[in-house]
Amino acid sequence: MIKLKNISKQYSHKKVSKQLFSKLSLTIADDTSVAVLGKNGSGKTSMLQIISGVDKEYTGLVELSANRVGYVNQKPGEILLPWFTVKKNILLPREHAGLDIKKGERLLVKYADILNIDFSFEKYPYMLSGGQQQITSLLRALLLEPELLILDEPFSALDSSKRKLVKSFLTEYRCSCPLLLVSHRKEEYSQLADEAIILPDKYCEKVRRINIENVEVSEAILESS
Amino acid sequence: MKVHSGTLGLTIIVAIWQLVDLLQLFNPIYFASPLEVLAESFDILSTSTIYSDISHTVLRVLTALVISLLVGVPVGLLLGYYSKIHALFGGFLDFMRSIPPVVFFPLFYIALGPNDSSRIMTAALGASVLGILVVSKYTMQLDKTRLHYFRSLNFSQFMLFKNIIWYESLPAVIVAAKAISSWVVVIIIVTEMLVGPKHGLGARVQSVQITNNIPDLFFTIILIGAVGLIINILITMTEKRLIFWLQSD
């Protein structure tokens, strides 16, 4: 379960500030996968960062029933460690969480096979393409054996064949672990989410929740992506 | 034949230098040509005192450099990562940076005596302040997203330092080392000139000035530059090994 109570967040950059959320409250039930939609600048990434714990600069309360949260950043290069190999990047959070490393290595082989990984784990992140970095970031999150998987535009750097593979994988994966994702492609979030939360353009407007089967995504949201 | 740009540039400078001498643009009483300096250099390098001078200066420089980095890097990291601490001491550091470090030499001379300690501590003081400022400024500008992500995974401060902060700070350490090394060479040479020790390149400058051996003086100045250059080259070589992930950019 994810519970947000009176979340307020202001975004400041170069003396310009913008109120993203004002006393936003919502609850997402266990085992429910949710797509977070909205125009650019509506706070989708901020919401995911607040829920994952990456962003602590907000007021209000976030309650998670999940003990381990996997998080895939919009720009994976930002949170991969370029001084460690891909393998170490993937296993480091798992090792820190006290999970079995041998099992982790077996899982890694299994996921690498499913996702048809075509690069060596002994490389360093700076040697990888954007898509490969995104896959690395996903593997790192998966190996944490999360109880909630948060994905911020997980397909943005992937080519079409890899996108299909990852989507197919996540479609099956969400049966055991709910997803919270941002994606601009209807064919992606409609397959991976049970419902959609649509963030408004202005913080004073209400957040809309819609069952994914009934989503009528406005042209404006798609065009602004 | 492909010529390295640096070699070509150096050749041009030496040619201009020779031309200046040929045209006698400066009084030959206080100006030496490249050929005169080269001839003098053979005499100088065949004597044993020059090597003692070089080694004493290099040892003082390296000692002061190490002390400055040991002080400057941790304090700089602290100020860079914790803005409240920076707010407390940033102004004081800017004030200290404005004071020429060599003015502290008389104080250290009185406190520590007429030996290497006073020279080294003077250089270390000035260079530490510069190091703190360079490291803290670099650290403040770092994107903290990576740190926040691992903090969200409940990494302890020690684990954050071991896996992230240390590596993220290495570029700042290298930048600081390059800035500090030049500063340290200057301060050590000046303090060697002020109250001359028995050995050292700064002391050599003073004694050569008395004998009025201009080619020797020119050569000693070039040696001092070479010491600084070699230290910089060593730092650059260390940089390529330590922060390999940035070399590919």
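Residues numbered from 1 in each chain as written. Chains lettered and ligands numbered in written order. Predicted model: local features only at pLDDT ≥ 70, side-chain atom pairs only at ≥ 80, totals over all residues. Heavy atoms only, no water.

**Let's talk about the interface of chain A and chain B**
Step number 1: The interface of chain A with chain B comprises 21 residues on the first partner and 19 residues on the second.
Step number 2: Summed over both partners, the interface of chain A with chain B buries about 1,900 Å², with 70% contributed by carbon and sulfur atoms.
Step number 3: Run the count over chain A and chain B and you get zero salt bridges.
Step number 4: Taken together, chain A and chain B are joined by four residue pairs in polar contact (both at pLDDT 80 or more).
Step number 5: Among the elements of the structure, strand S5 (69-72) and helix H2 (86-96) of chain A are those that each provide at least two residues to the side of chain A that touches chain B.
Step number 6: Sort the elements by how many residues they give to the side of chain A that touches chain B and H2 of chain A lands first, with three residues.
Step number 7: Among the residues forming the side of chain A that touches chain B, the class breakdown is 14 nonpolar, five polar and two charged. (Contact = heavy atoms within 4.5 Å. Buried area = accessible area lost by both parts, 1.4 Å probe. Salt bridge = Lys/Arg side-chain N within 4 Å of Asp/Glu carboxyl O. Polar contact = N/O pair within 3.5 Å; in protein donor to acceptor, adjacent residues only side chain to side chain. Helix = DSSP H or I, 4+ residues; strand = E, 2+ residues; numbered from the N terminus. Nonpolar A, V, L, I, M, F, W, Y, C, P; charged D, E, K, R; others polar.)

**Details of a nonpolar patch on the surface**
Step number 1: On the surface, a cluster of nonpolar side chains totalling about 790 Å² of accessible area is made up of Leu-19, Leu-22, Leu-23, Leu-25, Phe-26, Ile-29 and Tyr-30 of chain B.
Step number 2: Within the secondary structure layout, Leu-23 of chain B lies in the loop between helix H1 (5-22) and helix H2 (34-45). (Patch = residues over 30% accessible without salt bridge, like charges linked within 9 Å, V, L, I, M, F, W, Y side chains within 5 Å. Areas by Shrake-Rupley, 256 points an atom, 1.4 Å probe, with all protein chains shown as cover.)

**Brief notes about the nonpolar core**
Step number 1: Counting 85 residues, the largest nonpolar core has Met-47 and Leu-180 of chain A together with Phe-150 of chain B as the members making the most contacts within it.
Step number 2: Ranked by residue count, the leading element in this core is helix H8 (residues 157-194) of chain B, at 16 residues.
Step number 3: Counting contributing residues per domain, this core is built from domain 1 (1-31) and domain 2 (33-246) of chain B, each supplying no fewer than three.
Step number 4: Beyond its immediate chain neighbours, meaning those up to four positions away, Met-47 of chain A contacts Leu-4, Phe-21, Leu-24, Leu-26, Val-36 and Leu-199 of chain A. (Core = buried A, V, L, I, M, F, W, Y, C linked by side-chain atoms within 4.5 Å. Buried < 20%, exposed > 50% of the residue type's maximum accessible area, 1.4 Å probe, protein only. Domains from an automatic or database assignment.)

**Digging into the domain arrangement of chain B**
All names here are of chain B.
Step number 1: The domain architecture assigned to chain B consists of domain 1 (1-31) and domain 2 (33-246).
Step number 2: A straight line from the C-alpha centre of domain 1 to that of domain 2 covers 30 Å.
Step number 3: Interface area, domain 1 with domain 2, both sides summed: about 680 Å², of which 72% is carbon and sulfur.
Step number 4: When the buried surface of domain 1 facing domain 2 is broken down by residue, Trp-17, Gln-18 and Phe-31 rank first, second and third, together holding 67% of it.
Step number 5: Summed over the shared surface of domain 1 and domain 2, the result is zero salt bridges.
Step number 6: Joining domain 1 to domain 2, the criterion identifies zero residue pairs in polar contact (both at pLDDT 80 or more).

**Digging into the layout of surface pockets**
Step number 1: Here the largest pocket defines a volume of roughly 1,100 Å³.
Step number 2: Taken together, 34 residues form the lining of the largest pocket, with Lys-9, Tyr-11, Ser-46, Gln-49 and Asp-55 of chain A sitting closest to its centre.
Step number 3: Sorting the residues of the lining of the largest pocket by element identifies strand S1 (2-13), strand S2 (16-28) and helix H1 (44-52) of chain A together with helix H7 (145-152) of chain B as the ones contributing at least two each.
Step number 4: Here the residues of the lining of the largest pocket sort into four nonpolar, 16 polar and 14 charged.
Step number 5: Its boundaries defined by the atoms lining it, the second largest pocket holds a volume of some 420 Å³.
Step number 6: In this structure, the second largest pocket is lined by 22 residues; those nearest its centre are Ser-52 and Asn-67 of chain A together with Ser-152, Leu-153 and Asn-154 of chain B.
Step number 7: Elements with a minimum of two residues in the lining of the second largest pocket: H1, strand S4 (59-64), S5 and H2 of chain A together with H7 of chain B.
Step number 8: Broken down by class, the residue content of the lining of the second largest pocket amounts to 13 nonpolar, six polar and three charged. (1 Å grid on protein atoms, 1.4 Å probe; cavity = no way out; pocket = protein on both sides within 12 Å on 5 of 7 lines; lining within 4 Å. Points joined across faces, edges and corners; volume = space filled by probe spheres on them.)

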